[in-house]
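Chains, contacts and geometry: an overview
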Amino acid sequence: MTSTIDELRKTARQLLTDGKVDVVIGYEKGSLPLKATPCFVRSPQDVDKLIWDETCENNLAAFVAKTSGKKAIIAKGCDSRALMVLLQENQLAREDLYIIGVSCQGVIDQRKIETETGEIIAASLADGKISVQGIECDKVFSFTEVKDITCQTCRYPNPVLEDVHIGGSIEVTEQATAFADVIDMENKSDSERKAYFKEQMSKCIRCYACRNVCPLCYCQECFVDCNSPKWLTGGVDSAENLMFQTGRALHLAGRCVECGACSRACPQGVDIRALSRKVNKDVKEMYNHESGLTEEVKPALNVYSADDPEAFLVKE
Amino acid sequence: MKISKEKFGQSFDALAAEYQVIAPVSDAGSVSFKAVKKFSEVKQDYLNSKLPPKSFFFPQHEKLLSYKKEGKEVTVKNELKVEKTILFGIRPCDAKGFLLLDKVFKNDQYTDPYYFERRDNTIIVGVACNKIAPTCFCSSLGLSPASSVGSDIFLIDLGDSYQIEAISDNGKFLLGGFEGLEELSNEDQTLVDTIQSAETTSKVDVSTITAKLDKMFDSPYWDTLHEKCLSCNACSFSCPTCHCFDISEEVLKNEGSRVRTWDGCMAPLFTLHGSGHNPRDQKKSRWRQRMLHKFNYFVHNNGDIACVGCGRCIKNCPVNLDIRQAIDGVNKAELVVD
Amino acid sequence: MSMGESLVNTETKAFQPKIVAFLCNWCSYAGADLAGVGRFQYPATIRTIRVPCSGRINPLYILKAMANGADGVLISGCHPGDCHYMSGNYVARRKFALIDSLLKHVGLEEGRVSFSWVSAAEGVRFAEVVKGVTERVTALGPNKGVFKVEEGGGTND
């Protein structure tokens, strides 16, 4: 990956020197081991801060609309899909955006590591191996062992929209069964699913990290903040939390690009993806749509067809 | 004095029959404070809970009172229900956090009954930290991993026994019921000395931060600090000293309740006025507020920094906006000369 | 004039569900009106909310109705192709399919939330739809389910 980083920094330096952009939005090393953090580089001297590796877990598309001026953004596959949807929804002007595309191997799930080693004191990444010194024990992991769950079934590691591509491309292996995790959940009984979601929702503390980290949650007034009508009372029991999460999942129907940032952002480890994955599976099966792939295909709930399925109707 | 964990467990179980006992338990890969009935349920080897224990005095969502209108009659009911409680396994940082919250909920004009009714009916059993995480920095804030400040009884884990000490009158009262107290051996004492002299490895310098911040309201430092912040409330909800709340009425037809819910100053609508004006609608002003409140205003108003170095905000922030780096940044910021 | 047999029985205290019915103004609401004018009997369990078009339905209406204690929700619009606003119900059709599927997925009982297309001429059919929905919701019992919120907002303790 070293040459990719050099290329990346070179490109960023050139863009800033030439004045093509005012800011490069990328990643720099975080203050915690195995954690990258978003950074906003404004001068060519600072481009050496930029990094690109398996710790780059944030979806930077969330920052683009709020950053003024012309901006370059380092976009992995899922991030570029988010940018595509934002462009389709007129939230961004294409001419203000310079997309530096990088193909993504996936990101590390630190929580998976911490369940075995305790809090991470130090770690290093090299050749697909992660050596961790933890507060409970030390261990060496292979990257595949601790890859984020979203990345394990990622089908779009290569950016779908970019102005320049850095590094190579990644070949996607077709999965045996698409949405296997959702099918697994669907096959459970109603009461098992109800119990699962109730348990997950009882962990939620309504900090809204999931909503804020999502590039596609950009409403000026989110329904949770609305006072008239007042949708949520502010109670944090599982019923209210489920209403928030289900409402959000439905508002993202046909738009969610499955970057997994929501689940990673959650401080409580709530399985937020479970809801959006189900909606995305439905959108794919019923309307043959996946969000943010091409500009011509409009978001699924903006269009319709005369033969859309209507299995949900009452039988009378 | 020391007590074997076995004997301690027996007294613990007996107390659990009389008091509501809250202790750290294993919870989906991390640790949470929950009600327990037996000492065997308590997680022994832990760093700290994911969320701070402030919710036991200051719940995230509580009904203050409820009311019902029947014809011309309105009945109002106080919804405060308090049980006598023992909070076990509280770390020095969280115990100090309670002392800081006390200053918020009591002033010369008003004492919050909801907070203090719970507080006054709770005995805090603190436990020293034998392990220090890389995100802990309590020593830089005048605390230490073995500080008994804020605890009623303080324990130091010696392996199969605890060093046990009563710190307050409540603690002395509770300790009176414990059996099997014995003297510490020389070995025990050495271990205690080691634990008591431990310091957190991560360091920040807050010695001049309050004075510096007095002059920094218009500093350009705030222009870039906030950029990666998402304006969620993960940090505020994770913080043992954050205490902002909202009070609202939840009414359906003829009955309802007045509820108090946690709020957080990082949220964009926190300062939205009824008029529509929002004095802190920019992330820049919100992050400036966070730093000023914790390291300057709280010092001026209450005499202490409103941070205990527990590190939860650092671990829980989705974009790794590290308050230690913010403190360093403030210390290094050039002062703009008028 | 006698109201005919009513399923509201105040003596036996059988469970009478509260069903919120969102009806589009041009078709379903008119259909309900026709049922009334024609005296086609149906259980008095629905509380009607008139919306201009089924496309107006925000998934939150359904969730909030249940959070506030509704035992069931019925959403009804024009038949596809007949929408007064041309495409409102086509857009709604996609939303409803996704809402229905997700609600089942999180454990909401089948039959609590129902969708139908009822035209302004289908007074009899509207009565049938309400009878069917009432039967199914009654069989499910009162809503103590995934979205029911206790008054004042609950806590997890």
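All residue numbers here refer to positions counted from 1 along the written sequence of the relevant chain. Each chain is given a letter, starting from A, and each ligand a number, starting from 1, according to the order in which they appear as written. This being a predicted model, a pLDDT of at least 70 is required before a residue's local features are given, and a value of 80 or more before pairs of side-chain atoms are given or counted; all residues contribute to the totals for chains, interfaces and linings. The basis for the side-chain values is all heavy atoms of the structure; hydrogens and waters are excluded.

1. Things to note about the side chain of B:Gln60
Going along the chain from the N terminus, every DSSP run of H or I of four or more residues is numbered as a helix, and every run of E of two or more is numbered as a strand. Tracing the backbone through its elements, the reader meets B:Gln60 in the loop between β3 (30-36) and β4 (61-70). Pairs of N or O atoms within 3.5 Å make up the polar contacts considered here, provided that, within protein, one atom can donate a hydrogen while the other can accept it, and that residues adjacent in sequence are counted only when both atoms are side-chain atoms. At 2.8 Å, the side chain of B:Gln60 forms a polar contact with the backbone oxygen of A:Ile205.

2. Here's the deal with the sheet that holds strand β4 (residues 113-117) of chain C
Residue and element names in this part refer to chain C. If you walk across this open sheet you meet the four strands as β2-β1-β3-β4, and the pairing is parallel. Two strands in the sheet have a free side with no partner beyond their single neighbour: β2 (46-51) and β4. Sheet twist, expressed as the mean angle between neighbouring strand axes with direction ignored, is 20 degrees. Pairing between strand β1 (residues 19-24) and β2: six bridges, direction parallel. Of the residues in β2, the one forming a bridge with Val20 is Arg47. Against the sheet, helix α2 (residues 59-67) makes contact with β1, β3 (72-77) and β4, and its axis sits at roughly 150 degrees relative to β3, the strand it touches most. The pairing criterion for strands is at least two bridges between them, as found by DSSP. Here an angle of 0 to 180 degrees is reported between the N-to-C directions of two axes, which are lines fitted to C-alpha atoms, with helices fitted over the stretch in contact. Should any heavy atoms of two residues lie within 4.5 Å, those residues are counted as being in contact.

3. A word on the interface of chain A and chain C
Taken together, the contact pairs 50 residues of chain A with 46 residues of chain C. Buried area adds together the accessible area that both of two parts lose upon being put together, with accessible area traced by a 1.4 Å probe. If you sort the residues of chain A by the area they bury against chain C, A:Trp231, A:Phe312 and A:Glu316 come out on top, with a joint share of 18%. Salt bridge, as applied in this entry: a Lys or Arg side-chain nitrogen positioned within 4 Å of an Asp or Glu carboxyl oxygen. Run the count over chain A and chain C and you get three salt bridges. In this structure, the salt-bridge partner of A:Glu316 is C:Arg136, at a minimum N-O distance of 3.0 Å. If you look at where chain A meets chain C, you find 16 residue pairs in polar contact (both at pLDDT 80 or more).

4. Topic: the domain arrangement of chain B
All names here are of chain B. Domain delimitation in this document rests on an assignment produced automatically or drawn from a domain database. Domain assignment breaks chain B into domain 1 (2-197) and domain 2 (209-332). Between domain 1 and domain 2, the C-alpha centre-to-centre distance is 26 Å. Tallying the contact residues gives 39 residues for domain 1 and 39 residues for domain 2. For the pair domain 1 and domain 2, the summed buried area comes to about 3400 Å², and 58% of that belongs to carbon and sulfur atoms. Looking only at domain 1, the three residues that lose the most surface to domain 2 are Gln60, Tyr67 and Phe137, adding up to 19% of its buried area. Notably, a salt bridge pairs Lys96 with Asp304, separated by 3.2 Å at the nearest N-O pair.

5. Some points on the sheet that holds strand β8 (residues 138-142) of chain A
Sheet strands associate in pairs through backbone hydrogen bonding, adopting either a parallel or an antiparallel arrangement. Residues and elements named next belong to chain A. Across the sheet, which stays open at both edges, the three strands sit in the order β6-β7-β8 with antiparallel pairing between neighbours. Every other strand in the sheet has two partners, leaving β6 (120-126) and β8 as the edge strands with one partner each. Each strand of the sheet is rotated relative to its neighbour by a mean of 15 degrees, with strand direction disregarded. Judged from the six bridges that link them, β6 and strand β7 (residues 129-134) form a sheet pairing that is antiparallel. When the sheet's bridge partners are listed, Ser124 is paired in β7 with Ser131. Against the sheet, helix α4 (residues 110-117) touches β6, β7 and β8, its axis set at about 145 degrees to β8.

6. Digging into the domain arrangement of chain A
All names here are of chain A. Each domain of chain A was delimited in the assignment, giving domain 1 (1-106 + 155-175), domain 2 (110-146) and domain 3 (176-309). Computed over C-alpha atoms, the centres of domain 1 and domain 3 are 25 Å apart. Between domain 1 and domain 3 the total buried area reaches about 1900 Å² when both faces are included, carbon and sulfur atoms providing 54% of it. Sorting the residues of domain 1 by area buried against domain 3 places Arg81, Gln88 and Gln175 first, and these three jointly supply 29% of that buried surface. Inspection of the region where domain 1 meets domain 3 yields two salt bridges. Along the contact surface separating domain 1 from domain 3 lie ten residue pairs in polar contact (both at pLDDT 80 or more). Residue assignment for the side of domain 1 that touches domain 3 shows that the elements contributing at least two residues are α2 (61-64) and α3 (77-88). Top contributing element to the side of domain 1 that touches domain 3 by residue count: α3, with seven residues.

7. Overview of the pattern of salt bridges
The full count for this structure, using the stated rule, is 51 salt bridges over all chains. Put simply, B:Lys315 and A:Glu119 hold a salt bridge, and the shortest N to O gap is 3.0 Å. One end of the pair, B:Lys315, is in helix α10 (residues 312-316); the other, A:Glu119, is in the loop between α4 and β6, on a second chain. Note that A:Asp181 is salt-bridged to A:Arg277, the shortest N-O span being 2.7 Å. Taken as a pair, A:Asp181 in helix α6 (residues 180-186) and A:Arg277 in helix α11 (residues 273-287) lie far apart in primary sequence, 96 residues in all. Under the relative-accessibility criterion, A:Asp181 is labelled partly exposed at 34%. For A:Arg277, a relative accessible area of 6% translates into the label buried. Connected through salt bridges with shared partners, the residues A:Glu186, A:Lys278, A:Lys281, A:Asp282 and A:Glu285 form a single ionic network. Exposed residues in this analysis have more than 50% of their type's maximum accessible area, buried residues have under 20%, and partly exposed residues fall in between, with area computed by a 1.4 Å probe over protein chains only.

8. Re the packing of aromatic side chains
Working definition: a ring pair exists when centres of Phe, Tyr or Trp rings (six-membered ring for Trp) sit within 6.5 Å. Plane angles under 30 degrees give stacked, over 60 give edge-to-face, the rest tilted. Going through the model one piece at a time under the given rule, you end up with 34 aromatic pairs over all chains. Between A:Phe312 and C:Phe115 the ring centres are 5.4 Å apart and the planes differ by 80 degrees, which places this aromatic pair in the edge-to-face class. One end of the pair, A:Phe312, is in the segment after α11; the other, C:Phe115, is in strand β4, on a second chain. Each member of the pair, A:Phe312 together with C:Phe115, is buried. Ring geometry for B:Phe8 against B:Phe39: centres 5.4 Å apart, planes inclined by 65 degrees, an arrangement best described as edge-to-face. Within this pair, whereas B:Phe8 is found in helix α1 (residues 5-18), its partner B:Phe39 is found in the loop between β3 and β4, the two being separated by 31 residues in sequence. A residue is classified by how much of its surface remains accessible, and B:Phe8, at 3% relative accessible area, is buried. Its relative accessible area of 10% is what places B:Phe39 among the buried residues. Aromatic rings pair up to connect B:Phe57, B:Phe58, B:Phe98, B:Phe105, B:Tyr115, B:Phe116, B:Phe237, B:Phe245 and B:Trp262 into one cluster.

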